[in-house]
Every structure is written in C-alpha cells, then in structure tokens.
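A look at the structure
Chain by chain, the residues:
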Amino acid sequence: MKLTNPELIRSITSEWKGERDRSGRPLVESDIVRRMEKVTSEEAWGVLRRNGYHHNFAGDFHILHPERILVGRAVTCRFVPTRPDLNNAIERTGETEGRIGGQNSWVIDELVEDDVIVVDLFGKIFDGTFAGDNLSTAIRVSTKRGMVIDGGLRDTQRIYEMEGFNAFIRGMDPSAINDVAMPDINGIIRIGIATCLPGDVVLGTMEGVMFIPAHLAEEVVVSSENVRLRDEFGQQRIAEGVYTAGEVDREYSEEMERDFAEWSANRGPA
Amino acid sequence: MKITDTDRIRFITSEWSGERDVHGRPLVPDDILDRMKAVTTEEAWGVLRSHGYHHNFVGEFIDLSSDARPITQVMVGRAITCRWVPIRPDLHDPLVALGEDEGRIGFLNSWVIDEMVDGDVLVADLFSRVNLVGDNLTAAIVANGGRGMVIDGGIRDTQRIIEFPDFGVYMRRMHPEAIPGVTMPDINGVTRINQATCIPGDVVLGTMEGVIFIPPHLAEEVVVRSESVRLRDEFGQQRIAEGVYTPGEVDREFSADMQRDYDDWVANRQG
C-alpha cells in the first residue's frame, strides 16, 4: 500500500507541463507564487470560472490573520474516522517508508518552502486539531506560509503570535488530534464545497480559500496584473481630467488603448 | 492510473483470509450474510466495540418506512464503495478518459453500479449534498442483485424507488435534480459516511436505527455471538416460564448446573 500515488496525480494534472516533485506534484514557479500575493479572490475566481472551474473556492473559515494573504503550493492529506484494520495498515506502511511520530507529522515532514498544507479533517474540531504550536512551528519553518484545515487548531494563542504565518481553520479546541486515520497524502481531497489537488496554488484572503489549478496560475496572475494596471491608468487619467468615469468604465476606445499602451510602456512592470 | 486500487484493498483487509473478488474485495460467505439478517444493531456494535472499532455506525437517515415497507425491514450485503468530490475539469476529464479506456459507459455513477454483483450494497460519499441515483439506476442495482444503498447524499424518483420490495434505501435528501457538479475519483476506496468509515467488503447491516459497517474478518463472530445470545435468551425465558429458574438466576452468569442444563437443551433443540 502507498499513501501517495504519483501516477494518479501526474495523470490528473497532465495539463501542467512544468516541473514536478517526486510525488508527481506540479511545482508552479516561485515567481508566479510571489506575484499571486496581489491577486484578489474575485480576480482568480473570474479566470477559473472562464475556464470551467466552478468548485474551487471554500469560505466560512475562521481566519487567524484575516489581514494576511496566504499563498503557496498545496500539499494535501485526508483523514477519516479511524478503524483498527485501516489504521494498522497505514501504520505498517508508514513504518516501511521510515516515517515517525503521529500520522499528521508524516505529511508535515514532507513540506518545503512555499508549500501550504491543506487538510481534510471533515470539519472535526474536538479531537480534530491538526496542529498545535509545535507542529505549527514545523510548518512555519519549512513552508514560511501556512495551512488550510477543514478541522481544528489548538495552542491558538501561541500560533497567533507567529510572524509570516496564517491558518484557515473551522474552529479551535484544546484537545489533541485523536481517533482519526490518514489514508492519503497528496491525494484528491474535498474542503467544504471545493476540491483541492496537490500542486494547486492556494490563494487565501479574508474571503476564504481559492484552489487554483497549476496550469492556470500564470493566467490568473497576468490577468490580475493587467486589470490592476488598467485601473491605475484609468484612475490617474480621471484625476488628470483627461477622461470621464464613463469612458474609463467601458471598453477603451482605440485612442485610449494607444494611450494606455504608451503609458504602460513608460511605467514599467506592475 | 486506476479508479480501483486493488493492492490497497488487499493490504487494508489483510486480516481477511477468505475469498476475494477480482478487485481484491473480501467476499464474506452467503451463509454469514443470511444469518446476519437476524443480528440487531446493538449486538453487532458490541462485538465491534470489543475489538476497538468505535466509528462503524452511522445513523440519522431519512425514514422511508410505510405499511408497504415495514420499519423492521433489514438490509444486509457486502459494501462496494465510491467517493465523490465537487467537479473540476482537470480531474473529471482524465477520469472520463480512463473510464472510456476501461470500456465503461454512461456517467460515472453507472460505472460503479455496473460492477455490482449479487449480495452487494452500494455505499456512496456525496458529502450529504448531492443525489446519486434515480429510479432507472436503482432498477439497475436491483437487477445486479444489489440489496440496497447507503448514500451520504440523496436520491430522485423517491416515489418510484420505494416500490422496490425488500431493498434498503438509506439516504439524507430527496430532490428532483440529477447528479450535478460532482465527479468520482475512487471506486472501492476508503470511504467516509459522516462519522463512520467504510471499507470495500465490509458487511453492511442496515436496520431501523441506521447502518453498521462490519469488517469482514469480524462478520462471523458477530453472527455467532448474536446467535448464542438469542439461544440463551430463548432457553432462559422457557425455563422461567416452566418455573425451573428465577429471573435473577437467568440474568447473571449461569451456574455450573444451569450451564449443563443449557448444553443439553441446545443439543436436543430442533433447528
């Protein structure tokens, strides 16, 4: 038995032509991940929607730092209520693969910089806290990003103090994770009404979490940058009294389009 | 890529040493399934509990009982599972292509039904929100020998579906819509039904209380324990009626004399 199925992930993410890690997970370029930080939920949603992706946003989270944006590459895991037959099989597999500690720490041990861990704990909060301050420290140190947990968090007061880190959770509880087993690492998981695949670019804002397919990440970033550039141009020209609000808020005329092209050439990248 | 991971099922169910189907799914014998029909939810629960299985019962399904469908109706069969998630083109398209390669036809819900054989119960995770089948696919399940379905989700055509006699229907919602916005990454994988976990080959016991997923290697013990309890109850109640023992004597551990009497009684009892 394997906890990770790279063949499955490769075949599902076949539209991604770039780099992958050894679990088959797409590795969107760091430059795109960094530029994603400025994208709004609606901008990403628009591009996904246009491409036929209607079930990639999950909301209704408790967000530890709503003022912080969470961006990174998804590493996924799925938990279910435990059974001895299943749990024994998972533990034997873990032992064979040289994994140590609780099953939740197995997936944390695999994290690298710019990852976001995405956890299906089926909304369990009591006895369903994926991490406390120790494991959160491990996640923070390896990813420098954060986590999305359809489940609980403990040691929240300590985790709140961590800089450059964020957590999207369903609730807080002092109990530890218990009575669950983890049949999949980097499999296909459901978070609320959304589906997350490993290697998705996670975009967490004050509104919730968007799972952006790896092959659409660049389009999302470029489209957002273009919108922002046009907004900046339009607002500047309105302030200068060059165009009216009505002229700016519809499709540009040919003349305006030439003006915009010149303006952006002189301005440099957004 | 495969929709069913045979090696995984074998590994998880390695405590089962009996027969398996082509997918590695444990096949508990028909005789045990027949005898399981007389087991109560609590009897099964007790045995599972004593083996450390605390998350195998799930309740709170919609009650469809009526004069034509007595609430005492029991469903027993071998679990065949499927897990659904909200649809994404990148996930759904390769699944459909794969299904086509494997010669599967129709939408994904019919793929799992096509795999069902006599004595199966279909167990589906649709996260309580989406329908799985209407009356046509239910007819297909019945035609394949399916004993019922456990859907953490819904059905359509309920008025038609309840007309199938002696067929278990455990579900959470009724809606006239079809099966919108979902895709199926696993057949015969580890499947969560609310607070319980189901593994393919589990013996599913559905009663008026809900559904319990009995690991195949424990099915015989569940049946034997239940039969033993029922036999002792029959013996004790008969002897109380005959004035041989008092209720107090019967309702504690039998004395050595009573045990001998019981063993004789069992040996002489018909059936």
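Counting from 1, residues in each chain are numbered in the order their sequence is written. Both sets of labels track the order of writing: A upward for chains, 1 upward for ligands. Two thresholds apply to this predicted model, a pLDDT of at least 70 for residue-level local features and 80 or more for giving and counting side-chain atom pairs, whereas whole-chain, interface and lining totals are computed over all residues. Derived side-chain values reflect all non-hydrogen atoms in the structure, with water molecules and hydrogen atoms excluded from consideration.

**Overview of the interface of chain A and chain B**
Here, residues are in contact when the closest pair of their heavy atoms is within 4.5 Å. Between chain A and chain B, the contact holds 41 residues from the first and 37 residues from the second. Joining two parts hides part of their accessible area as seen by a 1.4 Å probe, and the buried area is that hidden amount summed over both. Between chain A and chain B, a total of about 3300 Å² is buried, with carbon and sulfur atoms accounting for 57% of that surface. Salt bridges are counted wherever a side-chain nitrogen of Lys or Arg sits within 4 Å of a carboxyl oxygen of Asp or Glu. Joining chain A to chain B, the criterion identifies three salt bridges. With its nearest N and O atoms 2.6 Å apart, the salt bridge here joins B:Arg88 to A:Asp200. Counting of polar contacts relies on pairs of N or O atoms within 3.5 Å, with two restrictions inside protein: one atom must be capable of donating a hydrogen and the other of accepting it, and residues adjacent in sequence are counted only when both atoms are side-chain atoms. Viewed at the interface, chain B and chain A are joined by 15 residue pairs in polar contact (both at pLDDT 80 or more).

**Things to note about helix H3 (residues 41-50) of chain B**
Residues and elements named next belong to chain B. Every buried residue belonging to H3 is among Thr-41, Glu-43, Ala-44, Val-47 and Leu-48, and all of these are buried. Buried residues in H3 make contact with strand E1 (57-58), strand E10 (203-207), strand E11 (210-214) and helix H8 (216-241). In the stretch just after H3, Gly-52 is the one whose phi turns positive, near 85 degrees. Exposure is judged per residue with a 1.4 Å probe applied to protein chains only, and the accessible area is read against the type maximum: over 50% gives exposed, under 20% gives buried, and values in between give partly exposed. Helix and strand assignments follow DSSP, with helices taken as H or I runs no shorter than four residues and strands as E runs no shorter than two, numbered in order from the N terminus.

**With respect to the pairing of strand E3 (residues 70-81) of chain A**
All names here are of chain A. Counting buried positions along E3 yields 12 of 12 residues, so the element is predominantly enclosed. Two strands are said to pair when DSSP picks up at least two bridges between them. Where E3 and strand E11 (residues 201-205) come together, four bridges link them in antiparallel fashion. Residue Val-71 lies in a different strand from E11, and its bridge partner there is Leu-203. The pairing of E3 with strand E4 (residues 115-131) spans six bridges and is classified as parallel. Bridging across to E4, Ala-74 finds its partner in Val-116. Note that E3 and strand E8 (residues 180-185) share four bridges and pair antiparallel. Within E8, the position partnered with Arg-78 by the bridge is Asp-184.

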